Amino acid sequence: NFWTRITKTIMQKLSSTVLLVGERPPTNLNIQVDSIFRFNELGTNPNVTIDVLILPVLIAASDEAKNYISLLKHLNSSLQLIVIAPQEKNEQELYQLFSRYKIFHVLSHVLDAKYENVVLSAMERARQLKQDLQLESMINENNEQLKRLFHDLELKVQKRQDSLIEARNKSFQMSTKLQVL
């Protein structure tokens, strides 16, 4: 039990689910954040599940980002987007992004004091969405199983009723024959 928990903890630390594009992550974080300079470093078929994607507003507005975000959303529907946008700039791009994507949070820069808390909140939101999807899937599966069981039970009840009717008819016929004799 102890070693299982240690192994799970190590595995969780080795596989980052947070990706920062176009910038270097702050060094004083208590969470692991992977970073790449450009999306094409992921390749066309990334084998990673990214829960939180952090990217500057100008990169997020690009066609390349649109394609990769679509791909990452397809791989993980609970993907959370955090956009880095200086407060005094890029308002037009932000409006376009809000119309194009569901954005979890907007930060002014990667050194923002709220950076780590926002990333942790986004990770928690992604985890919660995954659990909700799993729960919905389990409920749907259980409902289908209950429908099958109910149908099977109805068939058995019908067979039993038919059998009882047949037995009652035979009993009635036998008693009629006995009364005739």
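To start, this report covers the structure provided alongside it.

**Things to note about the side chain of S78**
Phase 1: Positionally, S78 belongs in the loop between α3 (63–75) and β4 (80–84).
Phase 2: You can call S78 buried: its relative accessible area is 1%.
Phase 3: Only 2.6 Å separates the side chain of S78 from the side chain of N76, close enough to count as a polar contact.
Phase 4: Those residues in contact with S78 that sit more than four places away from it in its chain are D51, A126, L129 and K130.

**Structural notes on the nonpolar core**
Phase 1: Ranked by size, the top nonpolar core spans 21 residues in total, and within it F39, L53 and L55 carry the most contacts.
Phase 2: Breaking this core down by element, the ones donating at least two residues are β1 (18–21), β3 (52–56), α2 (57–60), α3, β4 and α4 (91–100).
Phase 3: Looking at this core element by element, the count peaks at four residues for α3.
Phase 4: Leave out the neighbours within four places in its chain, and F39 touches V21, L53, L55, I59, E64, A65, Y68 and L72.
Phase 5: Counting 15 residues, the second-largest nonpolar core is a separate cluster that includes L29, I84, L107 and V110.

**Some details on a nonpolar patch on the surface**
Phase 1: Taken together, the side chains of L135, M138 and I139 make up a nonpolar region of the molecular surface, amounting to roughly 290 Å² of accessible area.
Phase 2: With respect to the element layout, M138 can be found in helix α5 (residues 115–180).
Phase 3: What makes M138 exposed here is its relative accessible area of 51%.

**Digging into the pairing of β3**
Phase 1: Judged by how many residues are buried, β3 sits mostly within the fold: five of five residues are covered.
Phase 2: With three bridges joining them, β1 and β3 adopt parallel strand pairing. Each residue of the ladder has a partner; that of L19, found in β3, is L53.
Phase 3: Summarising the sheet, β3 and β4 pair through five bridges and their orientation is parallel. Paired with P56 across the strands is I84, a residue of β4.

**Looking at the pattern of salt bridges**
Phase 1: For the coordinates displayed, the defined rule picks out four salt bridges.
Phase 2: Among the ionic pairs, K130 bridges to D51, the shortest N-O distance being 2.7 Å. Residue K130 is found in helix α5, and its partner D51 is found in the loop between β2 (34–36) and β3; the two are separated by 79 residues along the sequence.
Phase 3: Overall, D51 belongs to the buried group, its relative accessible area being 9%.
Phase 4: The shortest N-O distance in the salt bridge between E124 and R127 comes to 2.2 Å. One end of the pair, E124, and the other, R127, are both in helix α5, three residues apart, so they sit about a helical turn from each other.
Phase 5: Judged by its relative accessible area of 36%, R127 is partly exposed.

Here is what the cut-offs are and how they apply
- Residues numbered from 1 in each chain as written.
- Predicted model: local features only at pLDDT ≥ 70, side-chain atom pairs only at ≥ 80, totals over all residues.
- Heavy atoms only, no water.
- Helix = DSSP H or I, 4+ residues; strand = E, 2+ residues; numbered from the N terminus.
- Buried < 20%, exposed > 50% of the residue type's maximum accessible area, 1.4 Å probe, protein only.
- Polar contact = N/O pair within 3.5 Å; in protein donor to acceptor, adjacent residues only side chain to side chain.
- Contact = heavy atoms within 4.5 Å.
- Core = buried A, V, L, I, M, F, W, Y, C linked by side-chain atoms within 4.5 Å.
- Patch = residues over 30% accessible without salt bridge, like charges linked within 9 Å, V, L, I, M, F, W, Y side chains within 5 Å.
- Areas by Shrake-Rupley, 256 points an atom, 1.4 Å probe, with all protein chains shown as cover.
- Salt bridge = Lys/Arg side-chain N within 4 Å of Asp/Glu carboxyl O.
- Pairing = 2+ DSSP bridges.

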